[in-house]
Amino acid sequence: MKHYDYLIVGAGLYGATFANKMTQQGKSCLVIDKRPQLGGNIYCEDNHGIHVHKYGAHIFHTSNKKVWDFVNSIVPFNRYTNSPIANYHGELYNLPFNMNTFRQMWGIKTPQEAIAKIEEQRAQALAELNGREPANLEEQALLLVGKDIYEKLIKEYTEKQWGRSCAELPAFIIKRLPVRLTYDNNYFNDAYQGIPIGGYNKLIDGLLEGCDTLTNTDFFENREKWMFVADKIMFTGKIDEYFDYCFGKLEYRTVSFEEELIETPNYQGNAVMNFTSSDVPYTRVIEHKHFEMFGQHVYENPVTVISREYSTEWKPGMDPYYPVNDEKNSQLYAKYKELADKEENVIFGGRLAEYKYYDMAPIVEIVMGL
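Structural notes, computed from the coordinates.

Criteria and thresholds
Residues numbered from 1 in each chain as written. Predicted model: local features only at pLDDT ≥ 70, side-chain atom pairs only at ≥ 80, totals over all residues. Heavy atoms only, no water. Axes fitted to C-alpha atoms, helices over the stretch in contact; angles between N-to-C directions. Helix = DSSP H or I, 4+ residues; strand = E, 2+ residues; numbered from the N terminus. Parallel < 35°, antiparallel > 145°, perpendicular 65-115°, else oblique. Contact = heavy atoms within 4.5 Å. Nonpolar A, V, L, I, M, F, W, Y, C, P; charged D, E, K, R; others polar. Core = buried A, V, L, I, M, F, W, Y, C linked by side-chain atoms within 4.5 Å. Buried < 20%, exposed > 50% of the residue type's maximum accessible area, 1.4 Å probe, protein only. Left-handed = near helix turned anticlockwise from the far one by under 90°.

**Here we look at the packing of helix H2 (residues 65-74) against helix H7 (residues 200-207)**
Their axes nearest at 8 Å, the elements H2 and H7 cross at an angle of 90°. Judged on the interaxial angle alone, H7 and H2 are roughly perpendicular. Between H2 and H7, the residues in contact are Phe70, Val71 and Ile74 and Lys202, Leu203, Gly206 and Leu207, respectively. Residues that form the contact of H2 with H7 fall into these classes: 5 nonpolar, 1 polar and 1 charged.

Structure below.
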């Protein structure tokens, strides 16, 4: 086999961006991935002309113009604006928490009325704490936004996501909850956001131009071979698996998807709808065409594709999604990180290798040094 400067294990956004940077520097790169396709969790599949986000909704957003210009130099992005809806027993609320949410919740109309209502409920939560710091997510959320918003839009949704009572989850998970006193449904505060025109596969293909790639290729099935095909390895897989789980397995939450083609041009009128009550087993429904088709263009395609998302505890054989960054897992990761720092020719990067949740833009920013 040809010898390379870099073997990159994992063809997700981190691995693909690293490969692009190294290729620009004149280095030879081989990128391998155990899945049958490139792209990691941002891979899209064409279904009746709709680009389906196979591993969950991904919206690129950043305030770093250099990052935005870089990804747009690979593929132009559209103007998609993330404005999710929350569905609580059929009641619909705009997200993030803004004047539309408060009008829907309490029937108020002015920022002053919203402030008064929130402060009244926050005062009750503060009194119940009796001078101590919030001990869990429930107490923290009540202190930030009060009982009504917590019970309808946070509590049951969060418990579905994490598979644990909010009273058992650490307070730091929800240290900040954005409250906007404007009628603004734009979820992100960033200057730039959008979706690659034609889907994320175009971004990955552009990033990997000039690299050799292999899919259906598991690094661990022939580890001795792969360790010697390149001078250095960029490893984006699970750090505990790299070290043969010598300290034990890190924990994750994972997501499963139930995809459905529906004979209607417009199912829910929005790309993202969160179902915040516990009687609905899935956390949200994604209608994929709304990421790239706007206004009347939605009706040019007579069908639509939705994905229902179910959150569950990770088990071997499942795709790991969200690190469980509690004290136990953080201490375990620190042990693996100490081993990783001693590896001379292996670089560990990305969500699984660093046991850290990443948005897309920070990955590009870190890897490219933008």
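Additional details are given in the paragraphs that follow.
**Looking at the nonpolar core**
Grouped together as the largest cluster of nonpolar side chains are 53 residues, with contacts concentrated most on Leu7, Phe97, Phe102, Ile149, Ile154, Phe219 and Phe348. Here this core takes 5 residues from helix H6 (residues 147-162), the largest share from any one element. Discounting chain neighbours no more than four positions away, the residues touching leucine 7 are Leu30, Ile32, Phe219, Trp226, Val229, Ala230, Lys232, Ile233 and Met234. Residues Cys44, Ile59, Leu203 and Leu208 belong to the second largest nonpolar core, which totals 45 residues.

**Here's the deal with the packing of helix H1 (residues 13-24) against helix H11 (residues 360-368)**
One way to put it is that H1 packs onto H11 with a least axis distance of 9 Å and a crossing angle of 30°. In terms of their interaxial angle, H1 and H11 are classed as roughly parallel. Handedness of the H1/H11 crossing: right-handed. Residues Leu13, Tyr14, Thr17, Phe18, Asn20, Lys21 and Gln24 of H1 pack against Met360, Ile363, Val364, Ile366, Val367 and Met368 of H11. Tallied by class, the residues present in the contact of H1 with H11 amount to 9 nonpolar, 3 polar and 1 charged.

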